[in-house]
Amino acid sequence: MSKLGAGNWGDVCKRVDTCALTGAAAFVAGIPGTEILVNGPLWCYFYALRYLEHGANGMAQRFHGSQPDNTAVVYGSEKYILAALKRLQKEGSKPELLFIESSCSMSLIGDDLNGIAAKAGLKCPYVTMDCGGLLGGFVEGYTKAALCVLDKCLDLHAQPQERVINILGQTDFYLHGRDDTEEMVRLLCKAGYRLQAVPGSGSSLEQLRHLGNAQLNIVTNEELGLPLAEYLQKRCGTPYILAGLPYGIAGTQRWLEGIAKAMPAPKLADVYAEAESVEEYVTSLLNDARCQWGDLWADRIIISGPPTQALCLGETVRGEWVDTSELWVCCQRQLPHTAPKAYCQAADVIYVSGERELPWGDMAQFKGSLLLLGSSSESSLLYRQGRTDFINCNIAFPANEEIFLTNQPLVGLEGSKQLVQKLWNAYIRLCIQKQGEV
């Protein structure tokens, strides 16, 4: 679980973080053609599987467990791993890469996973890792697995190619993560860049092998992407930029301009033309909504989520979409390098897990209008205090009161339409609720 300073057991109990085993599996699961073997009890296996299934349907076909019994904590888990590997071979499993990771308890034993895998005579490439779940959460597992995989496959002889980029820090297992990746790739390619890979979010092992082809690495979610960027700078000499995430129309333009300063974009005007068209379309519809429902206002806005996401979203929500007296941003963990204010100047208060906790217990006494952008974990805290009169939009897992069957990016120009739609629909529902109570 998350170590003190980057989170604690309470974060997991509130379900705003997951264990390192889940984070490690999430990175590998974002690579097509891979399979994962969890060496740990069924609780750990099903906990991680449940989380991963929200981002990848059919995950159970790629996600396996060794199922050691209680005696393995004393005598080791080798026979269970070998049995699981034998079963996979018998079933005809031929992954492009097999990732074998031990859970927290199994990591304490000190089994030689690499030696056990070698004994199994596997016909496919494999990577082994102790997840170290007692020392970290999702981010630590994700980044540790990413570096292990790159150590295995990276071509150090790759040469930078003109206007080629990598996007670092994306995962299919943040809410709408895959959709966000697709929107950012679309915008960057439209601006004239050429994509090499997005590690952990849809790129193949072959694409990851040639990460060194990039002239620039673009770090989006800093907590996930910065360790990869530093690794690739050291191994391949590739420079990087901490770009953050592009929320909103003006926010997307600023994001692209920041990247263009590091590497000029030959077709940036094409994206600006699309942005102008989207802004005209959204403005016309919002003007009609304002005539019927009034201006979208909240006395207090609370945004809670992964740090880069929450901070960048806070800057846009206040700057483009919602008028407010105060904006509180709650980062569910620390950023690895950058001060929060570098991403968000608009916040009145920034709370960081492990440093300063958001005072959820005071919300029942707050009588003003409230907008919450977070997850079901945060909204449930308000409901338990008897507050039902707030605008609520999920921007992070868990999102228990919604299902998502269509592509719904939150970033970029398409994401701007989605988020404005979500905000206004939630606001209209609240207006109707209040009218019914009169």
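Please read all numbers here as calculations on a predicted model, not as lab measurements.

Some words on the overall build of the protein chain
Part 1 of the argument: When you go through the protein chain residue by residue, the secondary structure sums to 16 helices and 13 strands.
Part 2 of the argument: In terms of overall size, the protein chain behaves like a compact globule, its C-alpha atoms giving a radius of gyration of 23 Å where 438 residues would be expected to give roughly 22 Å.
Part 3 of the argument: In terms of its C-alpha atoms, the protein chain occupies a principal-axis envelope of roughly 70 × 55 × 35 Å.
Part 4 of the argument: Relative to its full complement of 438 residues, the protein chain shows a buried share of 58%.
Part 5 of the argument: Summarising the internal contacts of the protein chain: among those between residues at least 6 apart in sequence, 73% fall at separations of at least 24.
Part 6 of the argument: In the form shown here, the protein chain has an accessible surface area of approximately 18600 Å², with 51% of it arising from carbon and sulfur atoms.
Part 7 of the argument: Charge separation in the protein chain, taken as the distance between the mean sites of 38 positive and 48 negative side-chain charges, equals 5 Å.

Concerning the sheet that holds strand E4 (residues 126-130)
Part 1 of the argument: An order of E2-E1-E3-E4 is seen for the 4 strands of this open sheet, with the pairing classed as parallel. Since the sheet does not close on itself, it has two edges, and those belong to strand E2 (63-65) and E4, each with one partner. Sheet twist, expressed as the mean angle between neighbouring strand axes with direction ignored, is 20°.
Part 2 of the argument: Note that strand E3 (residues 97-102) and E4 share 5 bridges and pair parallel. Paired with Ser102 across the strands is Asp130, a residue of E4.
Part 3 of the argument: Contacts from helix H5 (residues 78-90) reach strand E1 (34-39), E2 and E3 within the one sheet, and its direction differs from that of E1 by about 155°.

Considerations on the pattern of salt bridges
Part 1 of the argument: Per the counting criterion, the structure on display carries 15 salt bridges.
Part 2 of the argument: Measuring nitrogen to oxygen at the nearest pair gives 3.3 Å for the salt bridge that ties Arg235 to Asp151. Placement of the pair is Arg235 in helix H11 (residues 222-236) and Asp151 in helix H8 (residues 138-153), with a sequence separation of 84 residues.
Part 3 of the argument: By relative accessible area, which is 52% here, Asp151 ends up exposed.
Part 4 of the argument: When the shortest N-O distance is used, the salt bridge between Lys417 and Glu414 registers 3.1 Å.

Quick look at the sheet that holds strand E9 (residues 297-305)
Part 1 of the argument: Taking strand neighbours across the sheet as the criterion, the 5 strands line up as E11-E10-E9-E12-E13 in an open arrangement whose pairing is parallel. In the strand order of this sheet, the two ends are held by strand E11 (349-352) and strand E13 (390-394), each with one partner. Across the sheet, the mean angle from the axis of one strand to that of its neighbour is 15°, orientation sign disregarded.
Part 2 of the argument: Those strands touched by helix H14 (residues 307-321) are E9, strand E10 (323-331), E11 and strand E12 (370-374), and its axis lies near 175° from that of E10.
Part 3 of the argument: Most of the contacts of helix H15 (residues 376-384) go to E13, to which it runs at about 160°, and overall it touches E9, E12 and E13.

Things to note about the side chain of Gln196
Part 1 of the argument: If you trace the backbone, Gln196 turns up in strand E6 (residues 194-197).
Part 2 of the argument: A relative accessible area of 14% places Gln196 in the buried class.
Part 3 of the argument: A distance of 2.9 Å separates a polar side-chain atom of Gln196 from the backbone oxygen of Gln207.

Section: the packing of aromatic side chains
Part 1 of the argument: Here the structure, examined in full by the defined rule, presents 11 aromatic pairs.
Part 2 of the argument: Ring centres of Tyr45 and Phe46 lie 5.0 Å apart, and the angle between their planes is 75°; on these two criteria the pair is classed as edge-to-face.
Part 3 of the argument: Assessed through its relative accessible area of 48%, Phe46 is described here as partly exposed.
Part 4 of the argument: A centroid spacing of 5.1 Å and a plane angle of 40° characterise the contact between Tyr383 and Phe390, whose relative ring orientation is tilted.
Part 5 of the argument: In textbook terms, an aromatic cluster arises when at least three aromatic residues are bridged by ring pairs, as seen for Phe27, Tyr51, Phe138, Tyr142, Tyr174 and Phe397.
Part 6 of the argument: When the ring centre of Tyr126 is taken as origin, the NZ or CZ atom of Lys152, which lies over that ring, is 5.2 Å away.
Part 7 of the argument: Taking the ring centre of Phe366 as reference, the NZ or CZ of Arg300 above it sits at 3.7 Å.

Side note on the side chain of Glu183
Part 1 of the argument: Take Glu183: it is sitting in helix H9 (residues 177-190).
Part 2 of the argument: Residue class for Glu183 comes out buried when judged on its relative accessible area of 5%.
Part 3 of the argument: Aside from chain neighbours lying at most four places away, what touches Glu183 is Pro409, Val411, Gly412, Leu413 and Glu414.

Concerning the nonpolar core
Part 1 of the argument: Leu188, Tyr193, Ile218, Ile301, Leu313, Val329 and Leu373 are the most contacted members of the largest nonpolar core, which totals 69 residues.
Part 2 of the argument: Ile218 has contacts with Ile165, Asn166, Ile167, Leu168, Leu188, Ile241, Ala243, Trp255 and Ile259, leaving out every residue within four places of it along the chain.
Part 3 of the argument: Counting 49 residues, the second-largest nonpolar core is a separate cluster that includes Tyr51, Phe99, Leu154 and Leu211.

Overview of the packing of helix H13 (residues 268-293) against helix H16 (residues 412-437)
Part 1 of the argument: Their axes nearest at 10 Å, the elements H13 and H16 cross at an angle of 5°. With respect to each other, H13 and H16 are oriented roughly parallel. Contact residues: Val271, Glu274, Ala275, Val278, Tyr281, Val282, Leu286, Ala289, Arg290 and Trp293 in H13; Leu413, Lys417, Val420, Trp424, Tyr427, Ile428, Cys431, Ile432 and Gln435 in H16.
Part 2 of the argument: Looking at the contact of H13 with H16 residue by residue, the classes come out as 15 nonpolar, 1 polar and 3 charged.

Thresholds, definitions, all that
Residues numbered from 1 in each chain as written. Predicted model: local features only at pLDDT ≥ 70, side-chain atom pairs only at ≥ 80, totals over all residues. Heavy atoms only, no water. Helix = DSSP H or I, 4+ residues; strand = E, 2+ residues; numbered from the N terminus. Rg over C-alpha atoms; globule rule 2.2 N^0.38 Å. Buried < 20%, exposed > 50% of the residue type's maximum accessible area, 1.4 Å probe, protein only. Contact = heavy atoms within 4.5 Å. Areas by Shrake-Rupley, 256 points an atom, 1.4 Å probe, with all protein chains shown as cover. Lys, Arg positive; Asp, Glu negative; His and termini not counted. Charge placed at Lys NZ, Arg CZ, Asp CG, Glu CD. Pairing = 2+ DSSP bridges. Axes fitted to C-alpha atoms, helices over the stretch in contact; angles between N-to-C directions. Salt bridge = Lys/Arg side-chain N within 4 Å of Asp/Glu carboxyl O. Polar contact = N/O pair within 3.5 Å; in protein donor to acceptor, adjacent residues only side chain to side chain. Phe/Tyr/Trp six-rings, centres within 6.5 Å; stacked < 30°, edge-to-face > 60°. Lys NZ or Arg CZ within 6 Å of the ring centre and 35° of its normal. Core = buried A, V, L, I, M, F, W, Y, C linked by side-chain atoms within 4.5 Å. Parallel < 35°, antiparallel > 145°, perpendicular 65-115°, else oblique. Nonpolar A, V, L, I, M, F, W, Y, C, P; charged D, E, K, R; others polar.

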